[in-house]
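# Observations on chain architecture
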Amino acid sequence: DTGVSQNPRHKITKRGQNVTFRCDPISEHNRLYWYRQTLGQGPEFLTYFQNEAQLEKSRLLSDRFSAERPKGSFSTLEIQRTEQGDSAMYLCASSTGAGTSGRRRNEQFFGPGTRLTVL
Amino acid sequence: LAKTTQPISMDSYEGQEVNITCSHNNIATNDYITWYQQFPSQGPRFIIQGYKTKVTNEVASLFIPADRKSSTLSLPRVSLSDTAVYYCLVGAGYSSNTGKLIFGQGTTLQVKP
């Protein structure tokens, strides 16, 4: 257990439905990331928050995707009008930042992921 | 971030030492080399990070030659539980703005009894 939790762990939905995932990062971490992972591939970056500010979004994040981090604590990722191509594992990670001392610069702590299946 | 190349898969047997080499010819001066491990149905987990020479922790060792164009993750005496995907990442250095991680396909290590 890394201290990052994600809910739900699994979500099955029908094409066209909206889904929302939640991530609770480690409480003192100000950085939060969302990644998407499909079978046989490494995780792909989706978006990044520093506190409550969304500072970077990947081109993978189409206009059907939206992410929020109100109050700089938990984060939600919503997918509207889901498509079969959205089926993937959605991973959340948190960190204290790139300036961490020692040999663990920008170590990111990943949650267990939410596996989305769109039928 | 620098592009990395590592073998797609490797097989080993319990008790053996496993070395996974990663090439990163375009590594920048400020870049660190980081390895993550991912078990099925779990998120990746940080294993080790280094900048040059050798780094060792309770899990693995990381060897980085002087030119830093490659690195080798060494897992001593692997067990079945070391079966996982291992990712080599280069970048996210001290001056990184966002710290986002760029993963490749990784190396799938299969440890056999």
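Our subject is the structure that appears above.
Parameters at a glance
- Residues numbered from 1 in each chain as written.
- Chains lettered and ligands numbered in written order.
- Predicted model: local features only at pLDDT ≥ 70, side-chain atom pairs only at ≥ 80, totals over all residues.
- Heavy atoms only, no water.
- Helix = DSSP H or I, 4+ residues; strand = E, 2+ residues; numbered from the N terminus.
- Buried < 20%, exposed > 50% of the residue type's maximum accessible area, 1.4 Å probe, protein only.
- Contact = heavy atoms within 4.5 Å.
- Areas by Shrake-Rupley, 256 points an atom, 1.4 Å probe, with all protein chains shown as cover.
- Lys, Arg positive; Asp, Glu negative; His and termini not counted.
- Charge placed at Lys NZ, Arg CZ, Asp CG, Glu CD.
- Pairing = 2+ DSSP bridges.
- Axes fitted to C-alpha atoms, helices over the stretch in contact; angles between N-to-C directions.
- Disulfide = S-S within 2.5 Å.

## A few points about the overall build of chain B
Looking only at helices and strands, chain B has zero helices and nine strands in total. Starting at the N terminus and walking to the C terminus, you meet the elements of chain B as β-β-β-β-β-β-β-β-β. Overall, the C-alpha framework of chain B stretches about 45 × 30 × 25 Å when taken along its three principal axes. When the 113 residues of chain B are sorted by exposure, 49% land in the buried category. For chain B, long-range pairs separated by at least 24 residues make up 58% of all intrachain contacts whose partners lie at least 6 apart in sequence. Approximately 5,500 Å² of chain B is accessible, and the part contributed by carbon and sulfur atoms is 49%. In chain B, 9 side chains carry a positive charge and 7 a negative one; their mean positions are 8 Å apart.

## Points about the sheet that holds strand 5 (residues 53–56) of chain B
Residues and elements named next belong to chain B. Taken together, four strands build an open sheet; the order of strands is 2-7-6-5 and the sheet is antiparallel. Sheet topology places strand 2 (18–23) and strand 5 at the edges, where each strand pairs with a single neighbour. Strand-to-strand, the axes of this sheet are offset by a mean angle of 15°, without reference to chain direction. Relative to strand 7 (residues 70–75), strand 2 is paired through six bridges, and the arrangement is antiparallel.

## Quick notes on the sheet that holds strand 1 (residues 5–7) of chain A
All names here are of chain A. Sheet architecture is open: four strands sit in the order 1-3-8-7, paired in antiparallel fashion. The sheet is open, and its two borders are formed by strand 1 and strand 7 (65–68), each paired with just one other strand. The sheet shows a mean angle of 15° between the axes of neighbouring strands, direction not considered.

## Re unusual backbone geometry
A cis amide bond links N7 of chain A to the next residue, P8 of chain A, at an omega of -10°. By the secondary structure assignment, P8 of chain A is in the loop between strand 1 and strand 2 (10–13). A positive phi is found at S41 of chain B, a non-glycine position, where the angle reads about 60°. Here S41 of chain B shows up in the loop between strand 3 (32–38) and strand 4 (45–50). Residue S41 of chain B is classed as partly exposed on the basis of its relative accessible area of 46%. The backbone of R68 of chain B sits at a positive phi, close to 60°, despite the residue not being glycine. Inspection of the secondary structure puts R68 of chain B in the loop between strand 6 (61–64) and strand 7. On the accessibility criterion, R68 of chain B (9% relative accessible area) is buried.

## A look at the state of the cysteines
Summed over the entire model, instances satisfying the criterion amount to two disulfides over all chains. A sulfur-sulfur distance of 1.8 Å marks the disulfide that ties C23 of chain A to C92 of chain A. Here the S-S torsion is close to -65°, and the disulfide linking C23 of chain A with C92 of chain A is therefore left-handed. Here C92 of chain A lies in strand 9 (residues 88–95) and C23 of chain A lies in strand 3 (residues 19–24), a separation of 69 residues in the sequence. Like C92 of chain A, C23 of chain A is buried. Note on cysteine connectivity: C22 of chain B is disulfide-linked to C88 of chain B, with sulfurs 2.2 Å apart. Taking the torsion about the S-S bond as the criterion, the C22 of chain B to C88 of chain B disulfide, at about -80°, is left-handed. Placement of the pair is C22 of chain B in strand 2 and C88 of chain B in strand 8 (residues 84–91), with a sequence separation of 66 residues. Residues C22 of chain B and C88 of chain B agree in their burial class; the two are buried.

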